[in-house]
Amino acid sequence: SFSLLKSNNTLVTNNSGYIAANLSYSCIKNESDSAWFLTPSNDNLHEFKAVTTCVILDIFLPPYQEPERSCSFYKAIIDEQQSKWWLKPIPEDPKDLPYTIEYPGIRPIVKSNDRRNIR
């Protein structure tokens, strides 16, 4: 997962419009791992690649809603000379989008000091 880089509360971009990001995690999760908690500002840019047959439940709270909370797609590019990651905005591909349903239930309350992993 990635976290966007900001300077004076503004996204850091290059001349091509790519957005600078820090790689936060690169890991393999399995059934014994706890849930992974992402926030709007930390680790929220992520990619799923299945290494075995699996099901992924990705819950968006609050749900994405244009234009305030848009769902965007990027291609991650490493600049090895600068040891920096850049995220190139790309158009969404409808065949890659997950099946979504609206969750009408109550909002969860997080009461953990370590918000990254919640059991």
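Note that the structure is predicted; figures quoted are calculated from it, not measured.

Cut-off values and rules
- All residue numbers refer to positions counted from 1 along the written sequence of the respective chain.
- It should be noted that, the model being predicted, local features are given only for residues of pLDDT at least 70 and side-chain atom pairs only at 80 or more, the latter also being counted only at that level, while totals for whole chains, interfaces and linings use all residues.
- In computing side-chain properties, one takes all heavy atoms of the structure into account and sets aside hydrogens as well as water.
- Only DSSP runs of H or I covering at least 4 residues are called helices, and only runs of E covering at least 2 are called strands; the numbering of each starts at the N terminus.
- Note on exposure labels: buried denotes an accessible area under 20% of the residue type's maximum, exposed denotes more than 50%, and partly exposed covers the range between, all computed with a 1.4 Å probe on protein chains only.
- Here a polar contact means two N or O atoms within 3.5 Å. Within protein one must be a hydrogen donor candidate and the other an acceptor candidate, and residues neighboring in sequence count only if both atoms are side-chain atoms.
- Any two strands are treated as partners once DSSP identifies two or more bridges connecting them.
- Only the stretch in contact is used when a helix axis is fitted, and all axes are lines through C-alpha atoms; the angle between N-to-C directions ranges over 0 to 180 degrees.
- In this analysis, two residues are considered to be in contact whenever any of their non-hydrogen atoms come within 4.5 Å of each other.

Moving on: the side chain of S3. Within the secondary structure, S3 is located in strand β1 (residues 2–4). We classify S3 as buried; its relative accessible area is 11%. Within polar-contact distance, the side chain of S3 engages the side chain of S24 at 3.3 Å.

Let us now look at the pairing of strand β6 (residues 73–79). Alignment of β6 against strand β7 (residues 84–90), held across 7 bridges, turns out to be antiparallel. Looking across to β7, one finds that F73 is bridged to I90. Linking two consecutive strands that pair antiparallel, namely β6 and β7, is a turn of 4 residues; a positive phi of about 50° is found at S83 within it.

As a further point, take the sheet that holds β6. The strand order across the open sheet built from 4 strands is β1-β4-β7-β6, with neighbouring strands paired in antiparallel fashion. Both edges of this open sheet fall to β1 and β6, since each of them pairs with a single strand only. The sheet shows a mean angle of 40° between the axes of neighbouring strands, direction not considered.

Turning to the environment of K88, a few remarks are in order. Summarising the element assignment, K88 is placed in strand β7. Overall, K88 belongs to the partly exposed group, its relative accessible area being 32%. A sequence separation of 11 residues divides K88 from I77, and the C-alpha atoms of the two residues are 7.3 Å apart. Among residues more than four places away in sequence, those in contact with K88 are Y18, F73, Y74, K75 and I77.

Purely geometric numbers; function is a separate question.
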